[in-house]
Amino acid sequence: MDNNFNMVAKTLFGFEDLLAKELTQLGAQDVKTGVRNVSFVGDKGFMYKANLGLRTAIKILKPIHSFRVNNEKDLYDQIYKINWEQHLKPTGTLAVDATVHSHLFTHSLYIAQKTKDAVVDKFRDTSGERPNVDLKFPDLKINVHIDRNTCNVSLDSSGDSLHKRGYKIATNIAPINEVLAAGLVMLSGWDGQTNFMDPMCGSGTILAEAAMIACNIPPNLMRKEFAFERWQDWDVDLFEKIEESLLKKTRDFHHRIIGYDKSPSAVEKAKENIKNAQLEDFVEVRHEDFFKTQKAGDEKLHMVFNPPYGERLDIEMESFYKNIGDTLKQNYPGTDAWFITSNLDALKHVGLRPSRKIHLVNAKLEARLVKYEIYEGSKKGKYMD
């Protein structure tokens, strides 16, 4: 127990409960949800496991110091006090990432600069040497978060955002973030027990995340690097043991995952990404216009997609969303269809009543994840069976 410490996993708005559930299932202790974050307790091995295995986390931070701050001098003095030699060699490299929600400080870049100065000055004063800044591949990435007059200093164990899984080499005009894609599939309740479809699959992100969920494949196996691999206490044997234990928990999948897109270039990109993720055995991508398709077979179908919003792709919104509703109603009986949109007006044109609406934020845009249940025959018939 002595080796346990506090950590914070950051996530997207609306995914906090999903992430808390993931953490609990992985074995985290003392799990508590916040806004866009979940705090928990674990040891170094669990920190490795969280980075490898969490689908809805963007970063895993290890808090090392918290203090009240009223001015720049407070910030500098408190940062200077930290025993940085524990975390970094005098000849190492660092980067500072700051977020600020405070009337006292308004510029996050300035806070990052001030933090860097304090760390560098501390090394110079104690050892005569100073670490350099390396924004791309630092030995230590420091995260500073100021909320009103509370400052939390953490070590960033992830480095690049965890949505960068490593399998996506080709993207489309309006690609969906991997963490958002995984969260949508999880919020939709899909458990790998039915066929799955993304009828507007773009570069295939939702398909890849759905396949990894179905097979319980850890999402971040293909990442080139995590920030903790440059830490002084990096334990490669422990990391490999954790990786192996996660891989033992993968499972078989006996249904189909299908993606359609009407753009030939999107289909090529999706196929490339699925191949790169080594998921070709589970996912089929076809060049089809969803509005000209119909459901194959009588099996239950689970659909999750991200239709164009009109933000980055030019479409005629009313007729496009009406077509979505018509195609679902006429051609896809026995389907649970979920999609996300930031165009809340467009939902009025679908012509179907959603059975669920979940409030999310997608790239700073207010969004809704909506569910339409398309029954076999009429809804009335469904309840008379």
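Residue numbers restart at each chain and count upward from 1, following the sequence in its written direction. This being a predicted model, a pLDDT of at least 70 is required before a residue's local features are given, and a value of 80 or more before pairs of side-chain atoms are given or counted; all residues contribute to the totals for chains, interfaces and linings. Working from all heavy atoms in the structure, the side-chain values ignore hydrogens and water.

K.L.:
Honestly, the overall build of the chain in this entry has me stumped. Any pointers?
P.N.:
Numbering goes from the N terminus for both helices and strands, where a helix is a DSSP run of H or I of at least four residues and a strand is a run of E of at least two. Helices and strands together make up the secondary structure of the chain, namely 10 helices and 15 strands. The globule rule puts the C-alpha radius of gyration for 385 residues at 21 Å, and the 23 Å found for the chain is close to it. Across its three principal directions, the C-alpha atoms of the chain cover 75 × 45 × 40 Å. Relative accessibility decides the category of a residue: with a 1.4 Å probe and only protein chains considered, values under 20% of the type maximum give buried, values over 50% give exposed, and everything between is partly exposed. Across the 385 residues that make up the chain, the buried fraction comes to 50%. Across the chain, the fraction of contacts at a sequence separation of at least 24, relative to all contacts at a separation of at least 6, is 76%. Here the radius of gyration uses the C-alpha set of atoms, whereas the globule reference equals 2.2 Å times the residue count to the power 0.38. Residue contacts are defined here by distance: any two heavy atoms, one from each residue, within 4.5 Å place the two residues in contact.

K.L.:
What's the story with the environment of Arg353 in this structure? I'm lost.
P.N.:
Secondary-structure assignment places Arg353 in the loop between strand S13 (335-341) and strand S14 (356-362). The spatial distance from the C-alpha of Arg353 to the C-alpha of Gln29 is 40 Å, given a sequence separation of 324 residues.

K.L.:
Is there a simple way to explain the packing of helix H5 (residues 178-187) against helix H6 (residues 205-215) in this structure?
P.N.:
Helix-helix packing is characterised by the crossing angle of the two axes and by the distance between the axes. An axis is simply a line fitted to the C-alpha atoms; with a helix, the fit covers only the stretch in contact. Between two such axes, the angle follows the N-to-C directions and lies from 0 to 180 degrees. The geometry of H5 relative to H6 is characterised by a closest axis approach of 9 Å and an angle of 60° between their N-to-C directions. By the angle class used here, H5 and H6 are oblique. Judged by the twist between their axes, the crossing of H5 over H6 is right-handed. For the pair H5 and H6, contact is made by Glu178, Ala181, Ala182, Val185 and Met186 and by Thr205, Ile206, Glu209, Ala210 and Ile213, respectively. Any angle that falls under 35 degrees is termed roughly parallel, while one over 145 is termed roughly antiparallel, one within 65 to 115 roughly perpendicular, and all others oblique. Put simply, a crossing is left-handed when the front helix is turned counterclockwise from the back one by less than a right angle, and right-handed when it is turned clockwise.

K.L.:
Help me understand H5 in this model?
P.N.:
The α-helix winds at 3.6 residues per turn, so residues separated by three or four positions along the chain end up facing the same way. Across the 10 residues of H5, nine count as buried, placing the element largely inside the fold. Every buried residue belonging to H5 is among Glu178, Val179, Leu180, Ala181, Ala182, Gly183, Leu184, Val185 and Leu187, and all of these are buried. Two N or O atoms form a polar contact when they lie within 3.5 Å of each other; inside protein one atom must be a possible hydrogen donor and the other a possible acceptor, and for residues adjacent in sequence the pair counts only when both atoms belong to side chains. Regarding H5, its N-cap is Asn177, as a side-chain oxygen of that residue lies 2.7 Å from the backbone nitrogen of Val179 further along. Following H5 by one or two positions, Gly189 adopts a phi angle in the positive range, close to 80°.

K.L.:
I'm lost on the sheet that holds strand S10 (residues 257-261) in this one. Help?
P.N.:
Strands in a sheet are paired, the pairing made by backbone hydrogen bonds, and the direction either parallel or antiparallel. Strand order in the open sheet formed by seven strands is S11-S10-S9-S12-S13-S15-S14, with mixed pairing between adjacent strands. Here the strands that pair on one side only, and so sit at the sheet edges, are strand S11 (283-287) and S14. Between one strand axis and the next, the sheet turns through 20° on average, direction left out of account. For two strands to be treated as a pair, DSSP must find no fewer than two bridges joining them. As paired strands, S14 and strand S15 (residues 365-374) are joined by seven bridges and run antiparallel to one another. In the strand pairing of S15, Lys357 is matched with Val370. Lying on the sheet, H6 is in contact with strand S9 (195-198), S10, S11 and strand S12 (301-305); it crosses S10 at an angle near 175°. Contacts from helix H9 (residues 317-331) reach S12, S13 and S15, with the element oriented near 170° to S13.

K.L.:
Teacher, can you tell me more about the pairing of S13 here?
P.N.:
Within S13, seven of the seven residues are buried, leaving the element largely enclosed by the surrounding structure. On S13, burial covers both faces: Thr335, Ala337, Phe339 and Thr341 on one face and Asp336, Trp338 and Ile340 on the other are all buried. Bridge count for S12 against S13 is five bridges, and the pairing is parallel. Paired with Val304 across the two strands is Trp338, which belongs to S13. Relative to S15, S13 is paired through seven bridges, and the arrangement is antiparallel. Bridging across to S15, Thr335 finds its partner in Ile374.

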